[in-house]
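One-letter residues, chain by chain:
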Amino acid sequence: MAVPARTCGASPPGPAQTALPWPRCGPRPGPGAPRPLLLLLPPLLLLPLLAAPGASAYSFPQQHTMQHWARRLEQEVDGVMRIFGGVQQLREIYKDNRNLFEVQENEPQKLVEKVAGDIESLLDRKVQALKRLADAAENFQKAHRWQDNIKEEDIVYYDAKADAELDDPESEDVERGSKVSTLRLDFCEDSNFKNKVNYSYTAVQIPTDIYKGSTVILNELNWTEALENVFVENRRQDPTLLWQVFGSATGVTRYYPATPWRAPKKIDLYDVRRRPWYIQGASSPKDMVIIVDVSGSVSGLTLKLMKTSVCEMLDTLSDDDYVNVASFNEKAQPVSCFTHLVQANVRNKKVFKEAVQSMVAKGTTGYKAGFEYAFDQLQNSNITRANCNKMIMMFTDGGEDRVQDVFEKYNWPNRTVRVFTFSVGQHNYDVTPLQWMACANKGYYFEIPSIGAIRINTQEYLDVLGRPMVLAGKEAKQVQWTNVYEDALGLGLVVTGTLPVFNLTQDGPGEKKNQLILGVMGIDVALNDIKRLTPNYTLGANGYVFAIDLNGYVLLHPNLKPQTTNFREPVTLDFLDAELEDENKEEIRRSMIDGNKGHKQIRTLVKSLDERYIDEVMRNYTWVPIRSTNYSLGLVLPPYSTFYLQANLSDQILQVKYFEFLLPSSFESEGHVFIAPREYCKDLNASENNTEFLKNFIELMEKVTPDSKQCNNFLLHNLILDTGITQQLVERVWRDQDLNTYSLLAVFAATDGGITRVFPNKAAEDWTEDPEPFNASFYRRSLDNRGYVFKPPHQDALLRPLELENDTVGILVSTAVEVSLSGRTLRPAVVGVKLDLEAWAEKFKVLASNRTHQDQPQKCSPSSHCEMDCEVNNEDLLCVLIDDGGFLVLSNQNHQWDQVGRFFSEVDAHLMLALYNNSFYTRKESYDYQAACAPQPPGNLGAAPRGVFVPTIADFLNLAWWTSAAAWSLFQQLLYGLIYHSWLQGDPAEAEGNPEARESSCVMKQTQYYFGSVNASYNAIIDCGNCSRLFHAQRLTNTNLLFVVAEKPLCSQCEAARLLQKETHSDGPEQCELVQRPRYRRGPHICFDYNATEDTSDCGRGASFPPSLGILVSLQLLLLLGLPPGPQAQVHAHVHASRRL
């Protein structure tokens, strides 16, 4: 689609189009003016008559002339590459050394099935450990005797936060004088955990807002201590196990091995019950409708509590859940643009959270409107949803109506929808109707009097949803595997296997079975451990393995590279966002989610590694399900990676000979060698400095042989073979050539085996490409493109231009070496040259000129007409070479040389827009959901804490206000804020973040350009009001270049819409539109939302109490006088937890 210019445009493409016959700068003829006779002339005859202003003897070059220049440019590039690139010679070298390697085949179906089987075996070992832990936990808890009089000093355990709390003089234990007997442990560094650990003990983490000394918590610590021996035994049986964790429904986390908790820079708000893996393991998927009372009776502070409560409730939902949020008074309406249930993914929840903040209280309470809206939402079967647990969560400050008629109409007698009611704020209303609603609909009633009760009471509903799961017994004991997420203890990206742990106790003989969940057992698997099971280097630079889950989110993918992670949220990168989306990939994704096998060859677009280019390529996709999991595994192979080389250097003398060419002493004569920083041997020390890495490699090779068991023989043999093969290229081609004759800075070769040889040695000083060929953009693009690929130096528009005076700037030209051996074709290497920019810019002028002799520019007498060329007429004629991404490669304008590598729209916006509008370029836009952005400055500096109700002077003078619910609730919030001030002044996500984190995740919009459908040679006009420009554009055969000749602009009145290529910050695609066409997904195969034996009698009890005037006045005096608060109040976990044990 063309980008409209405000006053500038271009005519449609067509052969030999020409400029209009009136002057380019000056008034156009009016509508009634006589038509010039020149318009009657054929376009090709008209071209010679168009003379550039100020150069009356010259005319714009004709089409055949520019085609002639293009052929000269093509021949020059091809000649240099044939002489210096050494493609043919390297092809012969491979054939001459045919006895030193074997050609192996990648069989996609066998490969993908083997890898899937290996991953299945890896995960199955974790499943067995999980089952042992869950069974042991249930037995330990069943045998445990509850102790009402248990004391803190009776319990000995390692408190993971103890060290951090001792260092913090304001911590609760320091101020209260903790009585808990905390173990002091020694730790040793363990590379597998990326942490210091102790294998003899477990560690315990208790959320900050839970009182460690409560009876419930102490009993929990008592019986879970026995898990320590099971953790240790599991590790003995499988030393590869990582974190083993029991997350208790009381909030206690016991994990093994012990390690100190990673203390955040602010208050620690980690609660295991809000972690994605715990939520997934504790209940089946949910369809939830949240309705919020916004009637006029909702005070400012109460409404704030409701908004915060809704946001906290949303955080208890995972990608397997569906949700909608509505507000109601006399009528009900959605708070956002979502008109139906939508997937509770990160981006949709963000929309809800932002919309909730805009709720305003007015009108009268109408429960009927709210509940009817919610039931209608849940009954809508025309949309994608979880189709498991259905529930309504109502937040209100109170009311008298029980809306029994609504429940009779929509929910009785089956009661398939659970109703949870939340009484928010401090008030004297009768809460009996709210209790009755919850009890009559298999739900639960909660009270949220202040901000301190929000987190606990917005997650307690999970206990109710867990009842059918517990009652289902063994049927519900199924291991589930999570999405990818960031480990809170620094392990990196992991997936977790989860298994629920049930309470098997009974109150007495013949009593009903207990229906409460004890917690969730989890075992982590690092993504890196799964990646190690995939083939690394036999698939070539552009082949890879990937895996997705039932949501279509990638578990493995080379493009899964989150720049920053928030451990509160899973890493949810969809397969169609990890790659450039098209219909074929949508079909592949659907088939994988459905658990099918398949194979498909497709033509698709791929983004270059540096994200500057788009290539249209062929790819073979093969996929199979990973049994016993919800994952599916895929393999992507380019056709040229069907075969690969496997070195067979049995001759040790030859090994030594080739190895000597890796020694720096050989570089002066043979060229500098960079080796890919691969894991050749276990004892090889890695280094980001390639010179140091090579030194470490050589030192190790002097101690071990390439056939050593501690080394990867495939990698080592291929590396040594390619060292010898590239040395032979030096010997046969490069050494005897004078690079200066053709203005070359360097020649180079890179191979699949990991060698990059740059000749001559001094050229290595300016070599900036990645030493790992598989990570080098020029290498991967050369494999995917036939012919010569030009790569100008990368320049950012915000950086200063290239400094040509101080540095010699080079342009890479590379091409793949294709070898056919016994009918099998492969591309094991890429060769190329590095052009001297200034010298080739001068050569470019000559090649695009009318010279008949190298040293004799054309002279044109005033009496004759001559065609302009790029050398003589460079003041009037612009000549450029632009690559397939739209970046400037060469120009005949000296002042543009320092802009080589920039997007051409930054150099000549009018001309680039015309090229785009004439289909020489196509634009591709996509979103990067893994970007990192600088944090936004806080918006509450110099202001009161966010969302706090501030009473007026009149309120303070009014005695009635002092006894009101608003005053009581305000003081509760202020007191809680003294303790947990970050809740009022900052984002909880920030409080929980990594202390070293300085950036936050964001969405970036990426725009790339690539060659369009136009392959022929075209002339066109840039119609710029009173200023027009004629230009010619033509693709250079066998290259990724576009040759453009254009008149230089002589008028500046025309303004063009500048095409943008730079990555920009974005909110992403419009979520309100995306949810209307949701991507295909499937929920978990199991659902436990009903059991006939469920006991619903425990449905919540609450008691409101009027505030004491004496207490309120005392609290206010303390605040006004600025006295330090007394001992900090604790939020006791056993408010609801006491019913668990």
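Residues numbered from 1 in each chain as written. Predicted model: local features only at pLDDT ≥ 70, side-chain atom pairs only at ≥ 80, totals over all residues. Heavy atoms only, no water.

**Side note on the overall build of the chain**
What counts, and what does not: Strands here are runs of E lasting at least two residues and helices are runs of H or I lasting at least four, both read from the DSSP assignment and numbered beginning at the N terminus. Should any heavy atoms of two residues lie within 4.5 Å, those residues are counted as being in contact. Here, Shrake-Rupley sampling with a 1.4 Å probe gives the accessible areas, and only protein chains in the shown set may cover a residue.
Per the secondary structure count, the chain includes 35 helices and 42 strands. Sequence-distant contacts, at least 24 apart, represent 74% of the contacts inside the chain between residues at least 6 apart. Accessible surface for the chain amounts to roughly 47900 Å². Of this, 49% is attributable to carbon and sulfur atoms.

**Here's the deal with helix H8 (residues 227-237)**
This is how the line gets drawn: Classification of residues uses two cut-offs on accessible area relative to the type maximum, computed with a 1.4 Å probe and protein chains only: under 20% is buried, over 50% is exposed, and between them is partly exposed. This arc is taken over the directions from the axis of the helix to the C-beta atoms.
Taken together, the buried positions of H8 are occupied by Leu-227, Glu-228, Val-230, Phe-231 and Asn-234. Considered in projection along H8, the buried side chains sweep an arc of 165° and stay on one side of the axis. Facing away from the buried surface of H8 by more than 90 degrees, the exposed residues are Asn-229 and Arg-236. Against the buried residues of H8 lie helix H4 (108-143), helix H7 (215-224), strand E9 (244-248), strand E10 (253-256) and strand E21 (517-526).

**A closer look at the pattern of salt bridges**
What counts, and what does not: Criterion for a salt bridge: a side-chain nitrogen of Lys or Arg within 4 Å of a carboxyl oxygen of Asp or Glu.
Evaluated as defined, the whole model comprises 42 salt bridges. The closest approach of N and O atoms between Glu-138 and Lys-477, which form a salt bridge, is 2.6 Å. Placement of Glu-138 in helix H4 and of Lys-477 in the loop between helix H17 (467-472) and strand E18 (480-481) is noted, with a sequence separation of 339 residues between them. Taken individually, Glu-138 and Lys-477 each receive the classification buried, so the pair is uniform in this respect. Ionic contacts of the salt-bridge type, sharing partners, join the residues Asp-574, Asp-577, Glu-581, Arg-589 and Arg-1079 into one network.

**Brief notes about the environment of Asp-118**
The residue Asp-118 is located in helix H4 in this model. Classification of Asp-118 as partly exposed rests on a relative accessible area of 26%. It is 8.9 Å that separates the C-alpha atoms of Asp-118 and Thr-534, two residues lying 416 residues apart in sequence.

**Observations regarding the sheet that holds strand E30 (residues 755-759)**
For clarity, the threshold we go by: Only strands that DSSP links by at least two bridges are regarded as paired with each other. Only the stretch in contact is used when a helix axis is fitted, and all axes are lines through C-alpha atoms; the angle between N-to-C directions ranges over 0 to 180 degrees.
One open sheet accounts for six strands, arranged E28-E30-E29-E33-E32-E31; its pairing is antiparallel. The open sheet terminates on both sides in strands that have one partner only, identified here as strand E28 (672-675) and strand E31 (789-791). For this sheet the average axis-to-axis angle between neighbouring strands, irrespective of direction, equals 20°. As paired elements, strand E29 (residues 744-751) and strand E33 (residues 824-836) share seven bridges and run antiparallel to each other. Bridged to Phe-748 within E33 is Gly-832.

**Details of the packing of helix H21 (residues 652-660) against helix H24 (residues 713-734)**
Short version of the rule: By convention, the crossing between two helices is left-handed when the near helix turns anticlockwise from the far helix through less than a right angle, and right-handed when the turn is clockwise. Under the grouping applied here, Gly and all other residues not named as nonpolar or charged are polar, the nonpolar ones being Ala, Val, Leu, Ile, Met, Phe, Trp, Tyr, Cys and Pro and the charged ones Asp, Glu, Lys and Arg.
Running from amino to carboxyl end, H21 crosses H24 at an angle of 65°, the nearest separation of the two axes being 8 Å. For the pair H21 and H24, the crossing hand works out as left-handed. Listed contacts from H24 to Gln-655, Tyr-658 and Phe-659 of H21 are His-717, Ile-720, Leu-721, Thr-723, Gly-724 and Gln-728. Class assignment for the residues of the contact of H21 with H24 results in four nonpolar, five polar and no charged.

**Thoughts on the state of the cysteines**
Any covalent bond linking the sulfur atoms of two cysteines counts as a disulfide. Worth spelling out the cut-off: The disulfide criterion is simple: two cysteine sulfur atoms within 2.5 Å.
One pass over the structure, following the stated rule, counts six disulfides. Sulfur-sulfur distance for the disulfide between Cys-439 and Cys-1099 comes to 1.8 Å. The sign of the 85° torsion about the S-S bond sets the Cys-439-Cys-1099 disulfide as right-handed. Highlighted residues: Cys-439 in helix H14 (residues 432-439) and Cys-1099 in the loop between helix H33 (1071-1074) and helix H34 (1109-1121), separated in sequence by 660 residues. Each sulfur in the disulfide pair Cys-681 and Cys-711 lies 2.0 Å from the other. Taking the sign of the torsion about the S-S bond as the criterion, the disulfide between Cys-681 and Cys-711, at about 100°, is right-handed.

**Focus on the sheet that holds strand E37 (residues 921-933)**
The strand order E37-E38-E42 describes an open sheet built from three strands, whose pairing is antiparallel. Two strands lie at the open edges of the sheet, namely E37 and strand E42 (1064-1066), each paired on one side alone. Across this sheet, the average inter-strand angle for adjacent strands is 35°, counted without regard to direction. Inspection of the sheet shows E37 paired to strand E38 (residues 1000-1011) by 11 bridges, in the antiparallel sense. Bridge pairing in E38 places Lys-924 opposite Gln-1008. Sheet strands touched by helix H27 (residues 909-917): E37 and E38. Its angle to E37, the strand with the most contacts, is close to 110°.

**Quick notes on the environment of Pro-828**
Here Pro-828 is to be found in strand E33. With 184 residues separating them in the primary sequence, Pro-828 and Tyr-644 have C-alpha atoms 7.3 Å apart.

**What about H27?**
A large share of H27 lies buried, amounting to seven of its nine residues. Two residues or fewer past H27, Ser-919 is found with a positive phi of approximately 70°.

**Observations regarding the confidence of the model for the chain**
As a reminder, the rule being used: Residue-level confidence of the predictor, termed pLDDT, takes values from 0 up to 100.
The pLDDT averaged across the chain works out to 84; a share of 80% of its residues lies at or above 70. For residues 1-56, every residue scores under 50 in pLDDT, and the model assigns this stretch 111 contacts once sequence neighbours within four places are set aside. Below pLDDT 50 for its whole length, residues 1103-1141 participates in 75 contacts with residues either more than four positions away or in separate chains.

**Describing a negative patch on the surface**
Threshold: Two distance rules govern patches: like charges are joined within 9 Å, and nonpolar side chains (Val, Leu, Ile, Met, Phe, Trp, Tyr) within 5 Å, applied only to residues with over 30% relative accessible area and no salt bridge. By the counting scheme adopted, Arg and Lys are positive, Glu and Asp are negative, and His together with the chain ends is not counted. The atom standing in for a charge is NZ when the residue is Lys, CZ when it is Arg, CG when it is Asp and CD when it is Glu.
On the surface, a cluster of negative charge is contributed by Glu-354, Asp-1067, Glu-1070 and Glu-1073. In this structure, Glu-1070 sits in the loop between E42 and H33.

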